[in-house]
Amino acid sequence: MNTPLTIGQLQSHFNGMEQRRRLYTAVFLGASLIVFFGGFSIAEDLNSGGFWQGLAKFFDFPSQIIQDTFAADDWLITVLEYSPAMLETINMAMVGTLFGAVMAMILAFCSSRNLGILPGLVPVARRLMDITRAFPELILALFLIYLLGATPIPAIIAVMLHTAGALGKLFSEVNENIDRKPLEGLQATGASWLQRMRFGVLPQVLPNYCSYALLRFEINIRASAILGFVGAGGIGQEFRTAISWGAGDKISALFLLLFLTIVVIDQISSRIRRNLVGGAYQMA
Amino acid sequence: MTTMTLDSQASRLRRTHGEVIRKSRMAAFWPLTSLGIVLGYLVYAWIAFDVSGVFGAADWNRGVLLSRDSFHHKYQVSYSARQDEVSVTVEGDRNTEQDPLPSWVTTDGDSYRVSLGGRHIVTFATGRLDYTAPDGSTYAVRVTQDGVHVNGYRAFLDDDNQYRFVPEEQSGNANPLDMDELVERGILPEGSSFAPTKFEYAPDFYKTMRVTRAQILVQRYFFGWEYFWFGPKSQLHGLSTGALWDLAWSEERIDPALSNAEFIFLEFWRNPDWQHNEMFIALLETLLMALLGTFVAAGVGLPLGFLAAANFNPIFASRMVLRRLFDFLRGIDQIIWSLIFIRAFGLGPLTGSLAIAFTDTGTLGKLFSEAIENIDSKQVEGVRSTGATAIQRYRFGVIPQILPIFVSQTLYYLESNIRSATVIGALGAGGIGLKLVQSMQTQQDWENVMYLIVMTLIVVVSMDIASGWLRRKLINDRG
C-alpha cells in the first residue's frame with residue numbers, strides 16, 4: 001500500500017493538475033484563434049473577391065431579387081409555372097428514398113450480427129454501406145449524367161445509393177438493439193427464420209425504419225434539388241438557369257416553392273414520426 | 001374433444017371477442033394496400049421519368065471508354081497532313097513527344113510500322129494506311145482527292161441518309177452495297193465506321209485507328225497512369241525507385257541550388273501533367289472551407305444558443321426572434337447561400353465557408369439552445385450558493401454540462417461539412433469540387449478525374465475516421 005500523502009503533497013499535486021488544465025485550455029484557445037484568423041486570412045487571399053469589399057455588396061443581390069419580385073406583375077403565375085419542376089424534384093427524392101430504403105433494409109439484415117443470416121455476410125455488407133455512404137452523391141450523379149444524359153434518373157440512382165448506405169447503417173443499429181425475447185418465443189414454437197423475422201423483428205423495427213426513412217426523405221429533397229444544379233432536372237436546374245440570367249422574380253418564386261415544400265414536408269413527416277415512435281427519434 | 005364443441009367454442013369466441021379477429025383482418029389489409037399504392041406510384045414514376053426511354057438511349061459504350069480511360073494511358077502515333085510529319089505522343093500532348101520511338105513503332109524513313117499487340121499490325125505513310133488483322137486479312141485505306149477509300153471502295157450518303165458504298169473506279173452511284181455486304185465480302189472489318197471522308201476502326205479496347213484527309217491516327221492503350229510521378233520533360237522520368245533513392249542521397253547535385261532530395265520532390269510536386277501542387281491547394285481550400293465555416297458557426301451559435309434558451313433569456317420576444325433566425329438560416333440551403341455569397345465575395349474558399357457558417361449557425365444554435373434548456377439546474381444552484389457571479393455560474397455550472405454536446409455536435413458537423421464543401425465548391429465556390437466538375441466537363445482526361453475522386457474520397461473518409469475517433473475519445477473521457 002502507498003504511503004498516505006500529506007496535505008502539502010496533495011496541495012501541490014492539485015495545483016499541478018490545475019496548472020496543466022489551464023495550460024490545455026490556453027493551448028486550445030490559442031489554437032482556435034490561430035485556426036480562425038489564419039484560416040480567415042488564407043481564405044481571404046485565395047478568394048477572388050475580398051471580404052470587406054464584399055460586405056458592402058452583400059445586400060445587392062438580395063435587394064435586386066426583392067425589387068424584381070415586386071416589379072413583376074404575374075409573380076404568382078411564375079410560382080405556379082415552376083410547380084411541375086418542384087414536383088419532379090419531390091418525385092426524384094421519393095423514388096430514390098423508396099429504393100434506397102429497400103436496399104438499406106436488405107443490407108441491414110445482412111449486417112446485423114444478432115439476426116443470424118450468414119455470419120460471413122456481415123463484414124461485406126458493412127463495407128458496402130461504408131462505401132456507398134462515403135461516396136459523394138454529386139460525383140456519382142456527374143458520372144451517371146455522362147452515361148445516361150442530363151435527366152433526373154442519374155440523380156435518382158445517386159440518391160438511392162447514398163440512401164442505401166446511410167439508412168442501412170441506422171437500420172442495422174436498430175436491428176442490433178431489438179429485444180430478443182419475442183425471437184426466442186417464436187423459436188420455441190418452431191417458427192422458421194422468415195417467420196421469426198416477420199413476427200419477431202419487423203414489428204419492433206418497422207416504426208423506427210419508417211421514421212428514419214422519412215427523415216432521409218427530407219434530406220433527399222434537398223439533395224435532389226442540388227443535383228438539379230449539375231443538370232439532373234427538377235427545380236435545381238430551373239434555379240441555376242434563373243440565377244445565371246439574374247431573373248430576380250424567378251429566383252424568388254423558386255425559392256418560395258422550395259422553402260414551402262421543405263417546411264410542409266418537415267411538418268407532415270415530424271407529425272407522422274411522432275405518431276410512429278412517440279417522439280423518441282426527433283433528432284436523429 | 002369433439003368437432004361439435006370446437007365449432008361452438010369458435011363461434012362463441014367470435015361472438016365475445018369479435019374485435020380481435022376484425023383487427024387482425026385490418027392488420028392484413030393495410031400492408032397490402034400500401035404495397036399497392038407504392039407499386040402504383042412507381043409505375044407513375046417510371047412513366048413520368050421515361051425510364052425505359054432514358055436507358056434505351058443511354059450510351060453504354062461511354063461507360064466502357066470512361067473506365068478504360070480512367071486506368072489507362074494511350075500512346076498515339078499520328079500523321080498530320082498539314083505539317084507533313086509523324087509524331088508519337090502520350091495522350092496527344094506535344095510535350096510528350098517520344099524520341100527515340102517506342103519499340104513497337106519502327107520506321108524506314110518513309111513508312112511507319114506500328115505493332116498494336118496481339119498481331120494487329122498497322123503500316124502507314126503519307127496518304128495510306130494498311131491494317132493487317134491477326135487472321136491475316138488486310139485492309140488498305142487510301143486518302144485520295146475526293147476522300148477516304150478502303151480496299152478500293154468509296155462511301156457516299158444516299159437519299160435515306162444512309163452510307164452506301166461503291167467501287168472507286170465506278171463513276172456513278174449505281175448498285176451500291178451496304179455495310180453488312182462489305183463486311184461479308186471482307187472489304188471492311190466488322191464494327192468499323194466508314195464515311196466519305198473518314199475511316200475509323202477499333203479492333204478492341206486497347207487499339208484504335210482513324211484516317212481522315214487531314215490526319216492518320218493510331219492509338220494504343222497501356223495500363224496505368226503515365227507521368228504520374230514525373231512529367232515528360234523531367235530528367236527523372238523513367239528512373240526506378242532504387243535509382244531515385246540512390247540519387248536522393250548522392251552528393252553530386254543535379255541542380256546546384258538544391259539538394260537532390262529537394263529536387264526530386266519539387267520535380268514531383270510541380271509535375272505539369274498531374275499538377276500535384278494545385279491539387280493539394282484545392283484540397284486545402286476545401287478543408288479550409290469546412291473548418292472555418294464550422295468553426296465560425298460553433299463560435300457564433302453558442303452565444304446565440306444561450307440567448308435563445310428559455311432558462312437564460314427571460315424575454316420571450318427576443319427568444320422568438322432568435323429561434324426564427326435559426327430556422328431561416330437553416331431553412332435556406334448551403335448551396336443557395338453560397339450562390340448569394342458568390343455575387344458579393346467572388347469565387348473562393350471564403351464564400352464557401354460563409355455559406356457553411358450561415359447554415360450551421362442556425363443548426364448548431366438550435367441544438368445548443370436545446371441542450372442549454374435541458375441542463376440540470378441543481379449544478380447551477382450549487383455554484384450560485386457559493387456566491388458566484390453570473391459569469392462564474394455559466395463557467396462552472398453550465399459550460400461543463402453542455403461541453404460534450406458542444407464538442408460532439410461541432411465535430412459531427414465538421415465531418416458532414418467536408419462533404420458539403422466538395423458540393424458547394426463544385427457549384428462555384430472553388431476547391432477540389434470545382435476542379436472535379438471542370439475536369440469532368442471537358443470529358444477527356446478521365447484519369448485526372450479518377451485521381452481527383454480518389455483524393456476526395458481519401459480526404460472524406462480519413463476525416464470521418466479522425467473526427468469519429470476524436471468524438472469517442474472526448475465523450476468517453478467525460479463519462
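Up top is the structure these notes are about.
For clarity, every value in this text was computed on a predicted model and none was experimentally measured.

Participant: Pulling in residues and values, what's your account of the nonpolar core?
Facilitator: Of all hydrophobic cores here, the largest spans 136 residues; its most connected members are Phe143(A), Val114(B), Val122(B), Phe124(B), Leu129(B), Phe199(B) and Val218(B). The element contributing the most residues to this core is helix 6 (residues 137-148) of chain A, with 10 residues. In this view, Phe124(B) contacts Val77(B), Tyr79(B), Val86(B), Asp110(B), Ser111(B), Tyr112(B), Val114(B), Leu129(B), Ile216(B) and Val218(B); residues no more than four positions away in its chain are not counted.

Participant: Hey, could you go over a nonpolar patch on the surface for me, with residue numbers and the actual values?
Facilitator: A contiguous nonpolar patch, built from Ile42(A), Leu46(A), Phe280(B), Ile281(B) and Leu284(B) and spanning about 430 Å² of accessible area, is present on the exposed surface. Every element with two or more residues in the nonpolar patch is listed here: helix 1 (7-46) of chain A together with helix 8 (276-307) of chain B. Examining the composition of the nonpolar patch, we find that 3 residues originate from one element, helix 8 of chain B, more than from any other. Residue Leu284(B) is classed as partly exposed on the basis of its relative accessible area of 44%.

Participant: Could you give an account of the packing of helix 9 (residues 193-232) of chain A against helix 10 (residues 234-245) of chain A, with specific residues and numbers?
Facilitator: Residue and element names in this part refer to chain A. Closest axis-to-axis distance for the helix 9/helix 10 pair is 6 Å, and the angle between their directions is 60°. The pairing of helix 9 with helix 10 is recorded here as oblique in orientation. Between helix 9 and helix 10 the crossing geometry is right-handed. Mapping the contact onto sequence places Ala225, Gly228, Phe229, Gly231 and Ala232 in helix 9 and Gly234, Ile235, Gly236, Gln237, Phe239 and Arg240 in helix 10. In terms of residue class, the contact of helix 9 with helix 10 is built from 5 nonpolar, 5 polar and 1 charged.

Participant: Hey, could you go over unusual backbone geometry for me, with residue numbers and the actual values?
Facilitator: Residue and element names in this part refer to chain B. Positive phi, close to 60°, is recorded for Arg119, a residue that is not glycine. Structurally, the position occupied by Arg119 is in the loop between strand 4 (112-115) and strand 5 (121-125). Among the residues examined, Arg119 registers a relative accessible area of 62% and is labelled exposed. One non-glycine residue, Asn151, adopts positive backbone phi at about 45°. As for its placement among the helices and strands, Asn151 is situated in the loop between strand 8 (147-150) and strand 9 (153-157).

Rules used in this analysis
Residues numbered from 1 in each chain as written. Chains lettered and ligands numbered in written order. Predicted model: local features only at pLDDT ≥ 70, side-chain atom pairs only at ≥ 80, totals over all residues. Heavy atoms only, no water. Core = buried A, V, L, I, M, F, W, Y, C linked by side-chain atoms within 4.5 Å. Buried < 20%, exposed > 50% of the residue type's maximum accessible area, 1.4 Å probe, protein only. Helix = DSSP H or I, 4+ residues; strand = E, 2+ residues; numbered from the N terminus. Contact = heavy atoms within 4.5 Å. Patch = residues over 30% accessible without salt bridge, like charges linked within 9 Å, V, L, I, M, F, W, Y side chains within 5 Å. Areas by Shrake-Rupley, 256 points an atom, 1.4 Å probe, with all protein chains shown as cover. Salt bridge = Lys/Arg side-chain N within 4 Å of Asp/Glu carboxyl O. Axes fitted to C-alpha atoms, helices over the stretch in contact; angles between N-to-C directions. Parallel < 35°, antiparallel > 145°, perpendicular 65-115°, else oblique. Left-handed = near helix turned anticlockwise from the far one by under 90°. Nonpolar A, V, L, I, M, F, W, Y, C, P; charged D, E, K, R; others polar.

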